[in-house]
Amino acid sequence: MNSISGQAPTMGFQVSASPVAAAKARTRLIAIDALRGLVMLFMLVDHVRETWFLHLQVTDPVDANITDPGLFFTRLLSTFCAPTFVALTGLSAWLYGQSHSKGQVSEFLLKRGLFLIFLEFTVVGYAWPTQAPAFPPTAIWLQVIWAIGISMVALAALLHLPRPAQFAVGLAIVCLHNLLDPIRLTAESPWFVPWAILHQREKLELAGTMVKTTYPILPWIGVILLGYACGPWFARGSDPTPRIRRLAMLGLGLILGFVAIRYVNVYGDKPWFMAETPLRTVMSFLALTKYPPSLLFLMPTIGTGCLLLALFERFEGSKAMPTLAMLGGAPMFYYVLHLYVLKLLYNVALLLYGPTKGTVFGVDHLRWVWIWVFILIPVLYFPTRWFAQLKQRRKDIWWLKYL
């Protein structure tokens, strides 16, 4: 959907506005979609890296002693994606509520969340390069689409809390969930499966299928709830100046808070260390746990997202903003499209050259990642623009909003 028209789609939400209100809100709506478009480009970089470097999988957190610095910082770029998407999904739920009742927002969140979970088990689940087209699948990775879907289902209930309670619950989850890290359950425990879904990244055996809870969902519920609770900052027709100031102060505060907490090395993630070289010491400082996202993972990533959103609002007249916003206007279409394009490229390469790195195809130099990123940006942009414009034109096709 074209965000320039005064509507802000995020994971399927459509925020209608009168012409006057749309004119007043246009800056912030372009900024929101532009930020989403930017992190989608970051996501492309990481997934291209993973496609061509299946033989060099990075750990979580990344091992700063042995990981190639180029691979480390290429992956680091992608860490902004999931926190930004989840927070913006919460924000868009609030924006959707400006023209709908809370009951209607809850209903849409529930339907949309269940739809995303269905996509994770089907369309998305088969999109990864090495996933064979077997049914039922031999393995299922519960990843970011699953996490967003579950978070939306949770938000459908939590949005009925008073706003102070939303902040309190969201902050408690984000700030305190690392206290649960020592709790490690085994398959013998009756709580093993729900705990693996909530907070413990694990492999499960369900009906003969291996299921990996790549994205434990408890911290993401806190993030989406905080995104929703910040919604009034973006009220339709509001003055952008105080919002830009709040976003800048919040972003800077989160980043400085991260540096302080990380430096003392007592809470929020695995400790950093002094390495053999200054570069690897910096890598250790920045090696943060994503699965599930630690407090220290979320602070700088969300903080950077706040700063970028403030910057995009400040320079909404830039020529790059509408282009990025167009990418951000059809995020699910882009997500599925880029996965299947990468799957096609990988399997063509495997067919042509065979397994060059053990049992998989791989490349030797990181430059190929960036070469393919720049090739794929226009390849993905034009279909995504077409679909976003189709959503804008054909509002009578109800199912388009789910993509």
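Our subject is the structure that appears above.
Residues numbered from 1 in each chain as written. Predicted model: local features only at pLDDT ≥ 70, side-chain atom pairs only at ≥ 80, totals over all residues. Heavy atoms only, no water.

1. Points about the overall build of the protein chain
Thought 1: Across its full length, the protein chain carries 14 helices and three strands.
Thought 2: Oriented by its inertia axes, the alpha-carbon framework of the protein chain measures out at about 60 × 50 × 45 Å.
Thought 3: Here the protein chain holds 403 residues, and the buried ones make up 53% of them.
Thought 4: For the protein chain, restricting intrachain contacts to residue pairs at least 6 apart in sequence, the fraction spanning at least 24 positions comes to 76%.
Thought 5: As presented, the protein chain carries roughly 17,600 Å² of accessible surface, and 70% of it is formed by carbon and sulfur atoms.
Thought 6: Considering the protein chain, the positive charge centre built from 33 side chains and the negative charge centre built from 19 side chains are found 11 Å apart. (Helix = DSSP H or I, 4+ residues; strand = E, 2+ residues; numbered from the N terminus. Buried < 20%, exposed > 50% of the residue type's maximum accessible area, 1.4 Å probe, protein only. Contact = heavy atoms within 4.5 Å. Areas by Shrake-Rupley, 256 points an atom, 1.4 Å probe, with all protein chains shown as cover. Lys, Arg positive; Asp, Glu negative; His and termini not counted. Charge placed at Lys NZ, Arg CZ, Asp CG, Glu CD.)

2. Brief notes about the environment of His338
Thought 1: Locating His338 in the fold gives a position in helix H13 (residues 331-353).
Thought 2: Sequence-wise, His338 and Thr384 are 46 residues apart; in three dimensions their C-alpha atoms are separated by 10.0 Å.
Thought 3: Non-local contacts of His338, meaning those with residues more than four positions away in its chain, are made with Met43, Leu44, His47 and Leu380.
Thought 4: There is a polar contact of 2.7 Å between the side chain of His338 and the side chain of His47. (Polar contact = N/O pair within 3.5 Å; in protein donor to acceptor, adjacent residues only side chain to side chain.)

3. Regarding the side chain of Glu202
Thought 1: Positionally, Glu202 belongs in the loop between helix H7 (192-198) and strand S2 (203-206).
Thought 2: Within polar-contact distance, the side chain of Glu202 engages the side chain of Gln200 at 2.8 Å.
Thought 3: When neighbours within four sequence positions are excluded, Glu202 is seen to be in contact with Arg184, Leu185, Phe192, Ala196, Val211, Lys212 and Thr213.

4. Here's the deal with the pattern of salt bridges
Thought 1: Summed over all chains, the structure comprises seven salt bridges.
Thought 2: The closest approach of N and O atoms between Lys111 and Glu107, which form a salt bridge, is 2.9 Å. Residue Lys111 and its partner Glu107 are located together in helix H4 (residues 102-121), separated by four residues, close to a single helical turn.
Thought 3: In this structure Lys111 comes out as partly exposed when scored by relative accessible area, which is 44%.
Thought 4: Accessibility expressed as a relative area gives 42% for Glu107, which makes it partly exposed.
Thought 5: Across the pair Asp364 and Lys357 runs a salt bridge, and its minimum N-O distance is 2.2 Å. (Salt bridge = Lys/Arg side-chain N within 4 Å of Asp/Glu carboxyl O.)

5. Concerning the pairing of S2
Thought 1: Here S2 pairs with strand S3 (residues 209-212) via four bridges, running antiparallel. Among the inter-strand pairings, Lys203 is bridged to a residue of S3, identified as Lys212. (Pairing = 2+ DSSP bridges.)

6. Looking at the layout of surface pockets
To find leftover empty space, a probe the size of one water molecule is rolled over the atoms.
Thought 1: Approximately 1,000 Å³ is the volume attributed to the largest pocket.
Thought 2: In this structure, the largest pocket is lined by 42 residues; those nearest its centre are Glu50, Gln57, Trp128, Gln143 and Tyr291.
Thought 3: Elements that contribute at least two residues to the lining of the largest pocket include exactly helix H1 (19-52), helix H2 (69-78), helix H3 (81-96), helix H5 (144-158), S3 and H13.
Thought 4: With seven residues, H1 is the single largest residue contributor to the lining of the largest pocket.
Thought 5: When grouped by side-chain class, the residues that make up the lining of the largest pocket number 23 nonpolar, 10 polar and nine charged.
Thought 6: Those elements that place two or more of their residues in the lining of the second largest pocket are H3, helix H6 (163-176), helix H8 (218-229), helix H9 (240-264) and helix H11 (295-314).
Thought 7: Per element, the largest residue contribution to the lining of the second largest pocket is eight residues, and it comes from H11.
Thought 8: Within the lining of the second largest pocket, the residues separate by chemical class into 23 nonpolar, four polar and no charged. (1 Å grid on protein atoms, 1.4 Å probe; cavity = no way out; pocket = protein on both sides within 12 Å on 5 of 7 lines; lining within 4 Å. Points joined across faces, edges and corners; volume = space filled by probe spheres on them. Nonpolar A, V, L, I, M, F, W, Y, C, P; charged D, E, K, R; others polar.)

7. Quick notes on the side chain of Asp33
Thought 1: Looking at the secondary structure, you find Asp33 in helix H1.
Thought 2: Among the residues examined, Asp33 registers a relative accessible area of 0% and is labelled buried.
Thought 3: Polar side-chain contacts of Asp33 include one of 2.3 Å to the side chain of Arg36.

8. Some words on the pairing of S3
Thought 1: Covered by surrounding structure in S3 are Thr209 and Val211 only, the residues Met210 and Lys212 on the alternate face being uncovered.
Thought 2: For strand S1 (residues 139-141) and S3, the ladder comprises three bridges, and the chain directions are parallel. Directly across from Ile140, in S3, lies its bridge partner Val211.
Thought 3: Hairpin connection between S2 and S3: a loop of two residues separates the two successive antiparallel strands, and Ala207 in this loop has a positive phi of roughly 55 degrees.

Interpretation note: all reported values are geometric properties and have no functional meaning in isolation.
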